[in-house]
Amino acid sequence: MLAGALLALAPTHTRIIAAAVQSDSGMVERGRYLAMASDCTACHTAPNGPAFAGGRPIASPIGVIFSTNITPDRDTGIGAYSLADFDRACVTVSRLGT
């Protein structure tokens, strides 16, 4: 239990970013720039669908994978994500890359 408690208190990339956003109003603009520069809509927007709403089919060796909704919508997107939700998503994505 002690190890779990220490892990829960360890700084994560998301917590560091969240702290920076609270102290840096330019962070939102940089995020917008990065989303455009990295072309997030290429994977997170279905053909003729709303931007960032997901649903784009992506062929993979294990079958078709549909992209997720990364809009700020609280009901269907990531608008209601907690810091823990973002941490979990970041860990999942980093594991997929390894």
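Given the structure is predicted, the values throughout are model-derived calculations rather than measurements.

A. Looking closely at a nonpolar patch on the surface. A cluster of nonpolar side chains, I58, I62 and I65, forms an exposed patch at the surface whose accessible area comes to about 310 Å². With respect to the secondary-structure elements, I58 resides in strand β1 (residues 57-60).

B. Local environment of the pattern of salt bridges. For the coordinates displayed, the defined rule picks out two salt bridges. The closest approach of N and O atoms between E29 and R32, which form a salt bridge, is 2.2 Å. Taken together, the residues span about one helical turn, with E29 and R32 both in helix α3 (residues 26-37) at a distance of three residues. Residue classification places E29 among the partly exposed positions, given a relative accessible area of 48%. Of the charged contacts in the structure, one is a salt bridge between D85 and R88, with a shortest N-O distance of 2.4 Å. Taken as a pair, D85 and R88 lie in helix α5 (residues 83-96) at a separation of three residues, close to a single helical turn.

Rules used throughout
- Residues numbered from 1 in each chain as written.
- Predicted model: local features only at pLDDT ≥ 70, side-chain atom pairs only at ≥ 80, totals over all residues.
- Heavy atoms only, no water.
- Patch = residues over 30% accessible without salt bridge, like charges linked within 9 Å, V, L, I, M, F, W, Y side chains within 5 Å.
- Areas by Shrake-Rupley, 256 points an atom, 1.4 Å probe, with all protein chains shown as cover.
- Salt bridge = Lys/Arg side-chain N within 4 Å of Asp/Glu carboxyl O.
- Helix = DSSP H or I, 4+ residues; strand = E, 2+ residues; numbered from the N terminus.
- Buried < 20%, exposed > 50% of the residue type's maximum accessible area, 1.4 Å probe, protein only.

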